[in-house]
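# Coordinates in review
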Amino acid sequence: MTEEDRAHRPEASESRVLDAGALKALAHPMRVRIYDILSQFGPQTASSLAERLGESSGATSYHLRALAKHDLIREVADRGSARERWWERPRGSIRISAPAAVRTPSGRAASQIVVTETYRQRHEQLMHFIAQSMRDDEGEETPAELSTATTRLTKAQFDHFSQRLSEIITESVELYRDQVGEGVRPYLIRLDMFPIDDPHAKEGR
């Protein structure tokens, strides 16, 4: 599983495979939420995160330090003060379910927490958008694309299809990641692509 970020610094993007220590540091629902906010909405302070999450700034500050210890986030250079530190997520993608990190039961448990919480938040965002769009019966329609499809693939065909989709997403993220101005807003890009079983086929129907 990879997670592509919304970056905020000019250096080239890098891909990072999380080791067991970083994965375990991230494996807390609040830290996953903080990490997600930094990815999607840019630099934040402990106070701004506390307001978003309904927590105390002491709690968010504690979790920020835990994430920073493993270089999952970093302090924004030349911004803030001794009392008000700004934090950001480094540019690039991360691999959460890396083989080396999930060889132990604790590593697998940490990976499950991160993956489950990440997708829970993604699902909540999708459901919120759908509910909001159903209520907005007046005004301009928000551009969005929600679609599903089913196909039949071999492993080689899946690999080819997956690579093509990954290239399109990466190209678009790199092209528009630092865009600002009127009409610009963050968009969540999701790719759900997995095999499905037919229980009736197993029963010989």
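See the structure shown above.
Residues numbered from 1 in each chain as written. Predicted model: local features only at pLDDT ≥ 70, side-chain atom pairs only at ≥ 80, totals over all residues. Heavy atoms only, no water.

This part covers the packing of aromatic side chains. Tallied over the full model, the rule gives zero aromatic pairs. Above the face of the W86 ring, R79 is positioned so that its terminal group lies 3.6 Å from the ring centre. (Phe/Tyr/Trp six-rings, centres within 6.5 Å; stacked < 30°, edge-to-face > 60°. Lys NZ or Arg CZ within 6 Å of the ring centre and 35° of its normal.)

Along an α-helix, residues three or four apart share an orientation, since each turn contains 3.6 residues. Burial in helix α3 (residues 46–53) covers these residues: A46, L49, A50 and L53. Down the axis of α3, the buried side of the element spans an arc of 105 degrees, and every buried residue falls inside it. Along its buried surface, α3 packs onto α2 (29–41), β3 (44–45), α4 (57–69) and β5 (85–88). Backbone geometry just downstream of α3 places G54 in the positive-phi region, at approximately 70 degrees. (Buried < 20%, exposed > 50% of the residue type's maximum accessible area, 1.4 Å probe, protein only. Helix = DSSP H or I, 4+ residues; strand = E, 2+ residues; numbered from the N terminus. Arc of directions from axis to C-beta. Contact = heavy atoms within 4.5 Å.)

A grouping of L153, F158 and F161 is seen on the molecular surface, where their side chains present a nonpolar patch of about 240 Å² in accessible area. Counting through the fold element by element, F161 comes out in helix α6 (residues 155–176). A residue is classified by how much of its surface remains accessible, and F161, at 34% relative accessible area, is partly exposed. (Patch = residues over 30% accessible without salt bridge, like charges linked within 9 Å, V, L, I, M, F, W, Y side chains within 5 Å. Areas by Shrake-Rupley, 256 points an atom, 1.4 Å probe, with all protein chains shown as cover. Salt bridge = Lys/Arg side-chain N within 4 Å of Asp/Glu carboxyl O.)

Let us look at α2. For α2, which comprises 13 residues, the first-to-last C-alpha distance of 18 Å matches the rise-based estimate of 18 Å (1.5 Å per residue) to within 8%. Counting buried positions over the 13 residues of α2 gives 10, a clear majority of the element. Every buried residue of α2 is listed here: M30, R31, V32, I34, Y35, D36, I37, L38, S39 and Q40. Of the residues trailing α2, G42 is marked for its positive phi of about 90 degrees. (Expected span 1.5 Å × (residues − 1).)

Let us look at the sheet that holds β3. Taken together, the three strands give an open sheet; going across it, the order is β3-β5-β4, and neighbouring strands pair in antiparallel fashion. What marks the edges here is a single partner per strand, and that holds for β3 and β4 (74–80). Where β3 and β5 come together, two bridges link them in antiparallel fashion. Opposite T45, over in β5, you have W86 as the bridge partner. (Pairing = 2+ DSSP bridges.)

This part takes up unusual backbone geometry. Here D71, not a glycine, exhibits a phi torsion of approximately 60 degrees, which is positive. For D71, the location among the structural elements is in the loop between α4 and β4. Classification of D71 as exposed rests on a relative accessible area of 57%. In this structure, D78 takes a positive phi of about 60 degrees despite not being glycine. Checked against the element boundaries, D78 lands in strand β4.

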